[in-house]
Amino acid sequence: MSTKVSSATAAAVPAVAIRGLCKWYGRFQALHGIDLTVARGERLVVCGPSGSGKSTLIRTINALEGFERGEIEVDGIPLSRQPKAVEAVRSRVGMVFQQFNLFPHLTALDNCTLPLRLVRRLPAAAAQERALHYLSKVRIPEQAGKFPAQLSGGQQQRVAIARALAMQPDIMLFDEPTSSLDPEMVKEVLDTMVQLATEGMTMIVVTHEMGFARQVADRVIFMDHGSIIEQGAPAEFFERPQHERSRLFLLKVLH
Amino acid sequence: MHYADNVDYPPLLRRPIVFLPGLALLFELLRWWNVGASAVGVGLVRLLHLAALSPASSNVLIAALLTLLVGFNLAVVIRLPLRWQVYLVWLELAILLLVFFYSFNLSFAFIERKIGFLLRQGLVMTLYISVVSISIASVLALLGAIAKLSSNGIALGIANFYTSLFRGIPLLMQIYMIYLGLPQLGYVVNALPTGIAALSLCYGAYMTEIFRAGIESIPRGQWEAARALGLKPSSTTLRIILPQAMRVIIPPTGNQFIAMLKDSSLVSVVGVWELMYLARTQGQTEFRHVEMMITASLIYWIFSILLELIQARIERYYGRAHEH
C-alpha cells in the first residue's frame, strides 16, 4: 500500500482530474457535480445501482459523452469539444465495453491492426507484430484469424482488451466488462484484468464484481443518483460502509 | 426451412380436405374455360383420336383428363426430396410457358434471323445502360444517405428534396423532362446520356433510402468503439460502418439492379437502340411483333437469373464473417 501512495504523490499530474462535473439528458440530471482525481497507476472501481451515472461518468472521460458544467483533465490535457483535445485524450485512453463492440467484419487480428494502422500509422508488418504480442498477452494468439462471431463471449472480450492495449494507452476504462458474459467466462476476463493491474496500468473499472474490487482496487467509489456517495479503500468500504444506501447496495450484490 | 421445426404437420397437399376441393375447382375451371376447344385441347383430341365426340363431351373429357394428370403429377412430386421437387416444378412450369409461347404459332426462322442483332446491339446496350446507371446511382445513394444522416441542414434539405422529387415522379416523365426540358435551358442532350441520367437519378433516390437504412442498422457501439480507439469520423464511416452496412445493403440493391435492367426499356422512348427498342422496331418491319417481344422477354429473364446468381455470391462474400 505504501508504494502506491508514494507513487501517487510523486506523480505531479494526476491521470484524470474531474471537478464539478454536471451532465443533463434533456431535463434529467445524470451527474451532479462530480469531483474525482485518479492518480497514475491507481486502480479505481466504480460501483452503484443501475442508473446511478457510473457508466456516464467514465464515458465522459474519453468524450463519448459530453458534459455541460465542470472540467476534466486527462494527463493534464483539458478536455473540450475541440478535435485536437479530444484526439489527444483518446490517444491516451483505452476503453473496453460491456458489449465488446468488436468489429464483426474483421478478424480478431484485423480488429487490433486496423486502428494501429489508421491512427498510429504503423506499417502493416509492425502493426501485425504488435497486435499478435497483445493477443498473446490476453492468451488467445491462436484465435487471431477468427471472426468475432466464431469466438466465445470471453474470448471476444479478451480480443477487445488486446485491441485497446495495442494502442498502448496510459489509462484503461472498463465499462461493465463482464456484465454480458456467461458465468463460466467471467473469470478468464477478470484474470486478464488482474494481470493488467499488477503491471501498473491506470484502470477505472465500472463493475459489480466485488471480488475483483477487493483483490485489485486501490479505491472503491460508490455512486447513486449521479453523485459520489462514498469512497474508500476496498477493505474499509466492504466491511464498514458509512452510508445507508451503500449498505443496501452491498447487501444486494454480495448476497 | 429457415426456421426448422420438429413437428411434422401433414403437408397441405396430402390432406383430402385440401386436394379434393382443389382438383374439383380445377376441373370446373377447365370446363368453364372450354379447354376442349383450346390449342391444348384440340391437340389432345387429335392425339387420342377423339374427333368423333361432340364438342361438349370432348370438353368434359379433356378437362377430366387434365385434372387427373395434375393430380397424378402432384402425387408423384410430393414424394420426392425437396431439391428434386423444386427442380421438377421449375421444369414443368418452364415447359408450360414454352407451350404457351409455342401456341402463338411463332416464326422461328424470323427469330433466328434477328436474335444475333438483338444480342449484339440491344442486349449489349441494355447491359451498358444498366451497369453505368447502377454505378452512378450507388454513388448518389451513398452521398444521399450520408447527407440524410448528417446534421447539416443544407445537405439534409437537398437530399430530402432529391429523394422526394425523383421517387415521386414516374421514370418515364423524368426521361421526357431531361430529353425535352433541358434543351429549353440551352443544353441539348443526346438520347443515351438522357437515359443514363434519368435511370441514375431515379434509382439513386430509391437506393438512398436503402443505404440510409443499411447504415442505421449498424449498432451505435461500433461507432463508439472506433471513435474511442481514435479513428476519425471519415475512417470510421469508410472502414467500420460501410463494410458492415454492405451486408444489409446488397440484397435490396441487387433487387434494384434487376428492376433497372427492365426499367432501362423505358429509355427506348427517346430512341436508344437497346433491347426493347430493337425488339419493337425489328418486329415492325415484318409485322412479327410477338416473336420479338417474346425473344426480348426471355433475354431479360435469363439475365435477371444471372444477376440473381451473382447477387447470391456477393451476399455470401459479405456474410462470411457471420458463418460459424
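See the structure shown above.
Residues numbered from 1 in each chain as written. Chains lettered and ligands numbered in written order. Predicted model: local features only at pLDDT ≥ 70, side-chain atom pairs only at ≥ 80, totals over all residues. Heavy atoms only, no water.

Check the secondary structure of chain A and you find 10 helices and 10 strands. Relative to its length of 255 residues, chain A is compact, with a C-alpha radius of gyration of 18 Å against a globular reference of 18 Å. Overall, chain A is about 55 × 45 × 40 Å in size when its C-alpha atoms are taken along their principal axes. In chain A, which comprises 255 residues, the share counted as buried stands at 55%. Of all intrachain contacts in chain A linking residues separated by at least 6 positions in sequence, the fraction that spans at least 24 positions is 66%. Within chain A, one finds 29 positive and 26 negative side-chain charges whose respective centroids are separated by 4 Å. (Helix = DSSP H or I, 4+ residues; strand = E, 2+ residues; numbered from the N terminus. Rg over C-alpha atoms; globule rule 2.2 N^0.38 Å. Buried < 20%, exposed > 50% of the residue type's maximum accessible area, 1.4 Å probe, protein only. Contact = heavy atoms within 4.5 Å. Lys, Arg positive; Asp, Glu negative; His and termini not counted. Charge placed at Lys NZ, Arg CZ, Asp CG, Glu CD.)

Looking now at the sheet that holds strand β7 (residues 171-175) of chain A. Residue and element names in this part refer to chain A. Taken together, the six strands give an open sheet; going across it, the order is β6-β7-β8-β3-β9-β10, and neighbouring strands pair in mixed fashion. The two strands at the open ends of the sheet, each matched to only one other strand, are β6 (93-96) and β10 (227-232). Neighbour-to-neighbour, the strand axes of the sheet open up by a mean angle of 20°, direction not taken into account. With respect to the sheet, helix α6 (residues 153-166) is in contact with β6 and β7, its orientation differing from that of β6 by roughly 170°. (Pairing = 2+ DSSP bridges. Axes fitted to C-alpha atoms, helices over the stretch in contact; angles between N-to-C directions.)

Residue and element names in this part refer to chain B. Checked against the element boundaries, L44 lands in helix α2 (residues 39-47). It is 68 Å that separates the C-alpha atoms of L44 and W223, two residues lying 179 residues apart in sequence. Those residues in contact with L44 that sit more than four places away from it in its chain are I62 and L66.

Now for helix α7 (residues 183-198) of chain A. Residues and elements named next belong to chain A. Its 16 residues give α7 an end-to-end C-alpha distance of 24 Å, which sits within 8% of 22 Å, the value for a rise of 1.5 Å per residue. Here α7 has its buried residues at M185, V186, V189, L190, T192, M193, V194, L196 and A197. Positive phi shows up at G200, right after α7, with a value of about 95°. (Expected span 1.5 Å × (residues − 1).)

This next bit is on the interface of chain B and chain A. Counting from both sides, the interface comprises 21 residues of chain B and, opposite them, 23 residues of chain A. Buried area between chain B and chain A, both sides added, is near 2000 Å², and the carbon and sulfur share of it is 63%. Together, A228, L229 and A321 of chain B form the three largest contributors to the area buried by chain B at its contact with chain A, with a combined 28%. There are two salt bridges connecting chain B and chain A. We note a salt bridge from K232 of chain B to E87 of chain A, for which the minimum N-O separation is 3.8 Å. Here chain B and chain A share four residue pairs in polar contact (both at pLDDT 80 or more) between them. Looking at the side of chain B that touches chain A, the elements with two or more residues in it are α9 (220-228) and α10 (233-263) of chain B. No other element matches α9 of chain B, which puts seven residues into the side of chain B that touches chain A. Looking at the side of chain B that touches chain A, its residues break down into eight nonpolar, seven polar and six charged. (Buried area = accessible area lost by both parts, 1.4 Å probe. Salt bridge = Lys/Arg side-chain N within 4 Å of Asp/Glu carboxyl O. Polar contact = N/O pair within 3.5 Å; in protein donor to acceptor, adjacent residues only side chain to side chain. Nonpolar A, V, L, I, M, F, W, Y, C, P; charged D, E, K, R; others polar.)

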